[in-house]
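# A closer look at the structure
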Amino acid sequence: FKDVKWLNDLQTSRPRKFDQLLVAKDVGLAIPNTAIIGCKKELQDFCIANGKVIMKPIQDPRPIRINHKMFLQYTTEVTQDLLDHLPDLFFPCLFQQLIDKNLEIRTFFLNGQCFSMAICSTFDKQTQIDFRRYNDRHPNRCLPYQLPLDIENKISLLMDKMRLNCGSLDLILDNHGTYYYLEV
């Protein structure tokens, strides 16, 4: 079916997070300081260098089902309590500088066009770090959003380099007006 139109090539449709970040940086998008760490001492040094830090899985997390219950992996802030309870060596995770965000932006990209919405998640403790921790009582406000043209152009370059013609991108607008790329 190579002559049939597809939304993304099956071989390139799931790029690794770390590779995405390298390509994003290469096309001129800002990215949070990032490291893959599996050692408590290295993580402590990374926290000292970056202030507040978050951790997330290296790859897209899959839900875990146990006894008909579903468990999801969320982005989590690295606290002193978490550091105190970590063993000296642990399974490597992706750690990033916590960006002081103004807005989260979800951009749907399709064949060179960007369709964005702003997610106002910063005022709710439940969704501050990861908006996927939905608050059903007080849902985050979502509004249509227009990215600056230079950011949209960089997204097009990013998607072209990763051979993707479709995807949902996560971005953060910080309190200083910088757009940070997180993942597609």
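Structure report, in brief. (Residues numbered from 1 in each chain as written. Predicted model: local features only at pLDDT ≥ 70, side-chain atom pairs only at ≥ 80, totals over all residues. Heavy atoms only, no water.)

Further remarks concern the nonpolar core. Nonpolar side chains tend to gather and get buried jointly when the protein is soluble and globular. One finds Ile155, Leu158, Met159, Leu169 and Tyr181 to be the most contacted residues of the largest nonpolar core, which totals 23 residues. Elements with a contribution of two residues or more to this core: helix H1 (17–26), strand E7 (101–110), strand E8 (113–120), helix H4 (149–161), strand E10 (166–174) and strand E11 (179–183). If we ignore the near neighbours within four places in the chain, the residues touching Tyr181 are Gln20, Leu21, Ala24, Leu29, Ala30, Ile31, Pro32, Leu158, Met162, Leu169, Asp170 and Leu171. The next biggest cluster of nonpolar side chains, apart from the first, holds 12 residues, and it includes Ile37, Val78, Phe90 and Phe95. (Core = buried A, V, L, I, M, F, W, Y, C linked by side-chain atoms within 4.5 Å. Buried < 20%, exposed > 50% of the residue type's maximum accessible area, 1.4 Å probe, protein only. Helix = DSSP H or I, 4+ residues; strand = E, 2+ residues; numbered from the N terminus. Contact = heavy atoms within 4.5 Å.)

To continue, consider the sheet that holds strand E1 (residues 34–39). On the basis of which strands lie adjacent, the open sheet formed by 4 strands has the order E1-E6-E2-E5 and antiparallel pairing. Edge strands, defined here as strands with exactly one partner in the open sheet, are E1 and strand E5 (76–77). Both E1 and strand E6 (residues 89–97) contribute to a ladder of 5 bridges, which runs antiparallel. Residue pairing in the sheet places Thr34 in a bridge with Gln96 of E6. Its contacts with the sheet place H1 against E1, strand E2 (53–56) and E6, and it is angled at close to 150° to E1. (Pairing = 2+ DSSP bridges. Axes fitted to C-alpha atoms, helices over the stretch in contact; angles between N-to-C directions.)

Right, let's get into the pattern of salt bridges. A side chain of one charge can pair with a side chain of the opposite charge when the charged atoms of the two come close. If you walk through the whole model with that rule in mind, you get 6 salt bridges. The closest approach of N and O atoms between Lys101 and Glu104, which form a salt bridge, is 2.5 Å. By relative accessible area, Lys101 is classed as buried at 11%. The buried category is assigned to Glu104, whose relative accessible area is 9%. We note a salt bridge from Arg106 to Asp170, for which the minimum N-O separation is 2.5 Å. One end of the pair, Arg106, is in strand E7; the other, Asp170, is in strand E10, with 64 residues separating them in the sequence. Overall, Arg106 belongs to the partly exposed group, its relative accessible area being 26%. For Asp170, a relative accessible area of 17% corresponds to the buried category. (Salt bridge = Lys/Arg side-chain N within 4 Å of Asp/Glu carboxyl O.)

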